[in-house]
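# Structure assessment
Here's the letter readout for the chains.
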Amino acid sequence: MSVSAVRVTLQPAHGFIPLVVIGAGLVSAWAGIKVGAARKKYNVPYPQMYAEKNEKNAKEFNCVQRAHQNVLENTPLFYALLATSSIYRPKIAAAAGVVRLVGFILYFRAGLSVRLCHVAPHFQFCLRKSNNKTEKNEKMTGIQVELQPAHGYVPLLVVLLLFVNFWAGHKVSGARKKYGVEYPQQSDKNAKAFNCVQRGHQNILENIPMFLVLFLLSAVYRPQIAAIAGLVRIIAFAVYMNGYSSGDPKKRMQGAFGMFYSILSSLASRASH
């Protein structure tokens, strides 16, 4: 017997999860704005990622930049934990997610970090196990979501995204050899061409978490529209990287079309259901 769809029950409380995700996006945007302001304040122009040690106010700017990078580095894991822990306990996962977002803000502002969300999956597993008998008697209400054959495009595009990211990383490695910038040095004030390649890759990495969230959410009901929008966004990543790595930072804007198109398409696909 062939299976054409898989049913998944989404409870009303799962509605809190997208709100937490949006909150994470706002926190990341706020941190990025702070970095932009620090660039102007401490006179660190694009595409230079970090200020050189001998530059004035280098430590102050690098602290702001590094704090933003640390938030970005932890965001993918945060999304993964939030998604998995929300399957059975969306309310607890959402609450833990809010605590984690507050932790991001405190970390960025004062070097503090709260990691309660990392405990959430284990806590929820124990809670579900202890309440197993009670849950059998509970009446489950929710929305039935069918995974259609068109959802098969979703993992294919995720794989394509991985290849684009790998390609961008390979370009950075090539630029290191070409311009003599050794690991672990992130940037070189005297090598603008290298900084452009490095910054292009970093910008892609910064945008991948939010892209994946929008892509996966919009694919729930309209996988075909989401796949088209996702493909455009991934192509835009490649165009962005290719333009930035030319050595002219202005050419990076050639790939800006993807972000707006994918966001609008994601919103349209959810609204059309």
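Preceding block: the structure.
Everything in this summary refers to the structure shown in the same document.

## Focus: the packing of aromatic side chains
As enumerated under the stated definition, the model contains 6 aromatic pairs in all. Between the NZ or CZ atom of R39 and the centre of the ring of Y46, over which it lies, the distance is 4.2 Å. The ring of Y244 carries R252 above its face, with NZ or CZ at 5.6 Å from the centroid.

## Observations concerning the environment of Q198
By the element assignment, Q198 lies in helix α7 (residues 192-218). The sequence separation of Q198 and S245 amounts to 47 residues, and the corresponding C-alpha distance is 8.0 Å. Leave out the neighbours within four places in its chain, and Q198 touches M49, V172, R176 and Q186.

## Some points on helix α2 (residues 58-85)
Because the α-helix completes a turn every 3.6 residues, residues three or four places apart line up on one side. With 28 residues, α2 should reach 40 Å at 1.5 Å per residue; the first-to-last C-alpha distance of 40 Å fits that figure. If you look at α2, its biggest bend is around 35°, right at T75, and the proline P76 turns up within four residues after that.

## Thoughts on α7
The end-to-end C-alpha distance of α7 is 38 Å, a good match for the 39 Å that 27 residues give at a rise of 1.5 Å each. Roughly 35° is the biggest bend found in α7, and it falls at I208, with proline P209 one to four residues downstream. Taken across its 27 residues, α7 has 19 buried, putting it largely inside the fold.

## Observations concerning the pattern of salt bridges
Counting across every chain of the model gives 1 salt bridge. A salt bridge links R199 to E206; its shortest N-O distance comes to 3.0 Å. Considered together, R199 and E206 belong to a single accessibility category, that of buried residues.

## Some words on the packing of helix α6 (residues 153-179) against helix α8 (residues 223-244)
Where α6 meets α8, the axes come as close as 10 Å, and the angle between the chain directions of the two elements is 5°. It follows that α6 is roughly parallel to α8 by the angle criterion. The segment α6 lies against α8, with Y153, L157, L160, L161, V164, W167, A168, K171 and V172 engaging A227, L231, I234, F237, A238, M241 and N242. Residues of the contact of α6 with α8, tallied by class, amount to 14 nonpolar, 1 polar and 1 charged.

Scoring rules and cut-offs
Residues numbered from 1 in each chain as written. Predicted model: local features only at pLDDT ≥ 70, side-chain atom pairs only at ≥ 80, totals over all residues. Heavy atoms only, no water. Phe/Tyr/Trp six-rings, centres within 6.5 Å; stacked < 30°, edge-to-face > 60°. Lys NZ or Arg CZ within 6 Å of the ring centre and 35° of its normal. Helix = DSSP H or I, 4+ residues; strand = E, 2+ residues; numbered from the N terminus. Contact = heavy atoms within 4.5 Å. Expected span 1.5 Å × (residues − 1). Bend = angle between axes of the 7 residues up to and from the residue. Buried < 20%, exposed > 50% of the residue type's maximum accessible area, 1.4 Å probe, protein only. Salt bridge = Lys/Arg side-chain N within 4 Å of Asp/Glu carboxyl O. Axes fitted to C-alpha atoms, helices over the stretch in contact; angles between N-to-C directions. Parallel < 35°, antiparallel > 145°, perpendicular 65-115°, else oblique. Nonpolar A, V, L, I, M, F, W, Y, C, P; charged D, E, K, R; others polar.

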